[in-house]
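Here are the chains, one letter per residue:
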Amino acid sequence: MANVLVAYYSRSGNTEAMARHVATGAKSAGATVEVKQVSDVSMEDLLAADAVVLGSPTYYGTMAAGVKDLLDRSVELHGQLEGKVGGAFASAGGVGGGQQTTIVAMLQALLVHGMVLQGDPSGDHYGPVAVGKPDDRSAEQCRRWGERLAALAQRLHL
Ligand SMILES: Cc1cc2nc3c(=O)[nH]c(=O)nc-3n(C[C@H](O)[C@H](O)[C@H](O)COP(=O)(O)O)c2cc1C
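Along each chain, numbering runs from 1 in the same order as the chain's sequence is written. Under the rules for a predicted model, residues below a pLDDT of 70 receive no local features and side-chain atom pairs below 80 are neither given nor counted, while totals for whole chains, interfaces and linings still include all residues. The side-chain figures draw on all heavy atoms in the structure; neither hydrogens nor water molecules are used.

So, the site of the ligand
Alright, step 1. We call a residue near a molecule or strand whenever a single non-hydrogen atom of that residue lies within 4 Å of it. With respect to spatial proximity, 17 residues lie near the ligand, and among them Ser10, Ser12, Thr15, Thr58 and Ser91 are the closest.
Alright, step 2. The term polar contact refers here to a pair of N or O atoms within 3.5 Å; inside protein, the definition further demands a hydrogen-donor-capable atom paired with an acceptor-capable atom, and it admits residues adjacent in sequence only when both atoms are side-chain atoms. Side-chain polar atom of Thr15 to an oxygen atom of the ligand: 2.7 Å apart, as the coordinates give it.
Alright, step 3. For the ligand, a nitrogen atom lies 2.9 Å from a polar atom in the backbone of Gly97.
Alright, step 4. Those elements that provide at least two residues to the shell around the ligand are helix H1 (14–28) and strand E4 (85–92). In DSSP terms, a helix is any run of H or I states spanning at least four residues, a strand is any run of E spanning at least two, and both are numbered starting from the N terminus.

Structure representation (structure tokens):
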């Protein structure tokens, strides 16, 4: 069974709600899932995970500082996260509010760690996005994406 870590920052609950939907999807693929605020994520948590997914609100077109702080702390593990599955999701205040630039900023860091990423040709291409609180469409994208990501982790790590 693959271990999926969902690490998120959320000030007003929107990204947290996405994290819960992602976790539901990952569990439906048979993975063990931990959902944690980024400030509570330890380096041991990152090492133990087969898949690490990051969730952030969009702050001025990019990730919130708390998510960047986790990434910066993870330099301690540089080279040790290679081959894990990675992914990212984001909320923003408006349509075209920068969700995808925020996701790509997080994915860039995960690539530097040597992680394996998977896009989606039919759903939200770079990772799930929401406008504010996830509506039914976004919730479904989160679950679909969580399931796909966990299935990839199971294939690579079991
Ligand atoms: C400091 C700050 C910067 C923000 N920058 C943007 C932005 O560039 N574009 C946007 O659409 N929304 C922006 N927002 C709105 C948040 O991305 C949005 O409300 C999000 O859903 C909040 O997620 P949360 O409930 O998980 O904290 C910003 C909010 C804050 C507090």
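Looking at the nonpolar core
Alright, step 1. Here, nonpolar core means buried Ala, Val, Leu, Ile, Met, Phe, Trp, Tyr and Cys residues that are tied together by side-chain atoms lying within 4.5 Å of each other. Three exposure classes are used, based on accessible area relative to the maximum for each residue type with a 1.4 Å probe and protein chains only: buried under 20%, partly exposed in between, and exposed over 50%. Judged by nonpolar contacts, the single largest core of 24 residues is most densely connected at Leu46, Leu54 and Leu70.
Alright, step 2. Contributing elements (two or more residues each) for this core: strand E1 (3–8), helix H2 (43–48), strand E3 (51–57), helix H3 (65–73), E4 and helix H4 (99–112).
Alright, step 3. The greatest single-element share of this core, amounting to 5 residues, is contributed by H4.
Alright, step 4. Here, two residues are considered to be in contact whenever any of their heavy atoms come within 4.5 Å of each other. Excluding anything up to four places from it in sequence, Leu70 contacts Ala7, Val38, Val41, Met43, Leu46 and Leu54.
Alright, step 5. Core analysis: the second largest hydrophobic core is formed by 22 residues, Ala23, Ala31, Val53 and Trp145 among them.

A word on H3
Alright, step 1. For H3, the complete set of buried residues consists of Val67, Leu70 and Leu71. Take H3 and look down its axis: the buried residues cluster within an arc of 100°, on one side only.
Alright, step 2. Where H3 is buried, its residues contact E1, H2, E3 and H4. Directions from the helix axis toward the C-beta atoms define the arc.

Section: the environment of Leu152
Alright, step 1. Among the secondary structure elements, Leu152 is positioned in helix H5 (residues 136–157).
Alright, step 2. Those residues in contact with Leu152 that sit more than four places away from it in its chain are Val85, Val116 and Gln118.

What to know about unusual backbone geometry
Alright, step 1. Non-glycine residue Tyr60 carries a positive phi angle of around 50°.
Alright, step 2. Within the element layout of this structure, Tyr60 appears in the loop between E3 and H3.

What to know about the pattern of salt bridges
Alright, step 1. Here a salt bridge means any side-chain nitrogen of Lys or Arg lying within 4 Å of a carboxyl oxygen belonging to Asp or Glu. This model, assessed by the stated rule, comprises 8 salt bridges.
Alright, step 2. Of the charged contacts in the structure, one is a salt bridge between Glu16 and Arg20, with a shortest N-O distance of 3.0 Å. A residue pair is termed a helical-turn pair when its members lie 3 or 4 positions apart in one helix, as Glu16 and Arg20 do in helix H1 at 4 residues.
Alright, step 3. With relative accessibility at 28%, the residue Glu16 sits in the partly exposed group.
Alright, step 4. Beyond isolated ion pairs, a larger network of salt bridges with shared partners links Asp120, Arg144 and Arg148.

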